[in-house]
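Chain by chain, the residues run as shown.
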Amino acid sequence: MFKGVRPILYGGREVWPLIEGGKGVAATNHASSGAWAAAGGIGTVSAVNADSYDPDGKIIPQVYRALTRRDRHEELIQYAIEGAVEQVKRAFEIAGGRGAININVLWEMGGAQRILHGVLEKTRGMVAGVTCGAGMPYKLSEIAASYGVSYLPIVSSGRAFSALWKRAYSKAAEWLAGVVYEDPWLAGGHNGLSNAEDPKVPQDPYPRVKLLRETMRSGGISDDVPIIMAGGVWFLRDWNDWIDNPELGQIVFQFGTRPLLTQESPIPQGWKDHLTTLNPGDVLLHRFSPTGFYSSAVRNPFLRNLEARSERQIAFSMEAAGDHQYQLDVGVKGKNFWVTLGDLNRAREWYGHGFTTALKTPDNTLVFETPEETKIIRKDQADCMGCLSQCGFSSWADTEGNSTGRLADPRSFCIQKTLQDIAHGGPIDENLMFAGHAAYKFKQDPFYSNGFVPTVKQLVDRILTGD
Ligand SMILES: Cc1cc2nc3c(=O)[nH]c(=O)nc-3n(C[C@H](O)[C@H](O)[C@H](O)COP(=O)(O)O)c2cc1C
Ligand code: SF4
């Protein structure tokens, strides 16, 4: 029988141990997070390039006017701060003193620290905690603590937490409000798989979370500081053994995919409709993100296009060496591309199918594309506004010189462009549609039968029943 969950103390009040995971760029906002808090849980405003509004309440399109990447990066930081502040204020109002509001930032986003300072400075008393994943956010604890705000790192292993704790977090221990364990094989969005882990061999979260708890204990952290289980959580009844389990300590559950389909969810209708059509296997764990991290998204034509581009790929040498004894005569200018006989034949075939341009990658390979797609790739790279601290696709880096020093990688894409587009009504087939691997449950779960779309309150109440 389902045990049920009890409220926990968070941000000075009792809340349900249920979190709406933050979703960039605008897949959680004031409407969804405010409603989640009003239903008694913890809602998360995405502070990653959030929307701002004009005096008529219309979303201000994030248009970049500056001519250089460096200056567009500054514009982006201003948009990001203004947008997140606006979202937090509105969410706080909707919450009406119930539940709690967190914000989410991506540590690897461009200007992350400045944005965090900018937002926390202008939202004093409204934000209970900051969740932060991607990379190693050592400075998170110090920044959050300086505003009297809690912090909740997102990790995918006990080892990652241990490094953060030892180097930085132990110095601001009282502000650590929880540790999010995000299952790197199941969660939607970016995934924290390490090189030691096989993307094709998922691991049971239980022993990994147990290990995380042991790591936390060895740092002197109380079992009352929750571990927040994220990734693949749908029915709470499936997690019965995790609730009130002394081996794990306090557990809180985070939902990312399920709250995409609510009345208040800000994603466009087409995206919502598509969620209810997904089958097992329709979400792909892949490595095309310009951040270099793995991520999980619906395997739609956008992702298939990237898969196909990477398949049209051959290795080359600048001089004849080893197996590379054949001069490439299609797609490239000049004669300095030596390839194998097999690859020469493959390249000629792609050329014959219209993939007439060969683009260099940072790994001494070439990918073949049509002239039209090549133009789009080059334009997107040129339009870069520096939204990441390091971008594989454009070579932008937040550091001096603003370059990673590596060749721009045509196998990747501009994540800023596509996430802004899909969040604001762009074609769902031609954009990155992040989703968790349990998304197929929308189609199977009777809660959603006959096209039913719950309000956030109805969803939270449903989750509390175990279903
Ligand atoms: C559309 C989408 C966007 C997401 N964006 C972010 C993000 O910007 N930052 C982040 O830390 N997590 C992000 N996530 C992860 C969620 O916050 C949550 O941890 C995860 O979705 C939980 O797993 P689930 O998808 O199985 O529910 C995103 C997830 C989805 C589905
Ligand atoms: S090219 Fe990369 S850094 Fe530039 S805006 Fe796009 S995703 Fe961001």
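Everything below is about the structure printed above this text.
Right, let's walk through the structure included here. (Residues numbered from 1 in each chain as written. Chains lettered and ligands numbered in written order. Predicted model: local features only at pLDDT ≥ 70, side-chain atom pairs only at ≥ 80, totals over all residues.)

## Some details on the sheet that holds strand S18 (residues 365–369)
Read across the sheet, three strands follow the order S14-S18-S17 without closing on themselves; strand pairing throughout is antiparallel. At either end of the open sheet lies a strand with only one pairing partner, and these are strand S14 (313–315) and strand S17 (357–360). Looking at each pair of strands side by side, their axes are set apart by 30 degrees on average, direction ignored. In terms of strand pairing, S17 meets S18 through four bridges, oriented antiparallel. Each bridged residue has a counterpart across the sheet, and for alanine 358 the counterpart in S18 is phenylalanine 368. (Pairing = 2+ DSSP bridges. Helix = DSSP H or I, 4+ residues; strand = E, 2+ residues; numbered from the N terminus. Axes fitted to C-alpha atoms, helices over the stretch in contact; angles between N-to-C directions.)

## Side note on the site of ligand 2
Taken together, 14 residues lie around ligand 2, and Cys384, Cys387, Cys391, Ser394 and Cys414 are the ones closest in. Residues of the shell around ligand 2, tallied by class, amount to 10 nonpolar, three polar and one charged. (Near = placed C-beta within 6 Å. Nonpolar A, V, L, I, M, F, W, Y, C, P; charged D, E, K, R; others polar.)

## Focus on unusual backbone geometry
In this structure, the amide linkage connecting glycine 24 to the following residue, valine 25, adopts the cis form with an omega of -5 degrees. Within the secondary structure layout, valine 25 lies in the loop between strand S3 (18–20) and helix H1 (30–38).

## Points about the site of ligand 1
Around ligand 1 sit 29 residues in total, of which Gly21, Gly188, Gly189, Gly256 and Gly436 are the nearest. Looking at the shell around ligand 1, its residues break down into 12 nonpolar, 14 polar and three charged.

## Some points on the packing of helix H5 (residues 158–167) against helix H6 (residues 205–218)
Between H5 and H6, whose axes approach to 8 Å, the crossing angle comes to 20 degrees. Relative to H6, the element H5 is oriented roughly parallel. The chirality of how H5 crosses H6 is right-handed. Where H5 approaches H6, its residues Gly158, Phe161 and Ser162 are matched on the opposing element by Leu211, Leu212, Glu214, Thr215 and Met216. Among the residues forming the contact of H5 with H6, the class breakdown is four nonpolar, three polar and one charged. (Parallel < 35°, antiparallel > 145°, perpendicular 65-115°, else oblique. Left-handed = near helix turned anticlockwise from the far one by under 90°. Contact = placed C-beta atoms within 7 Å.)

Purely spatial values, then, with no claim about function.
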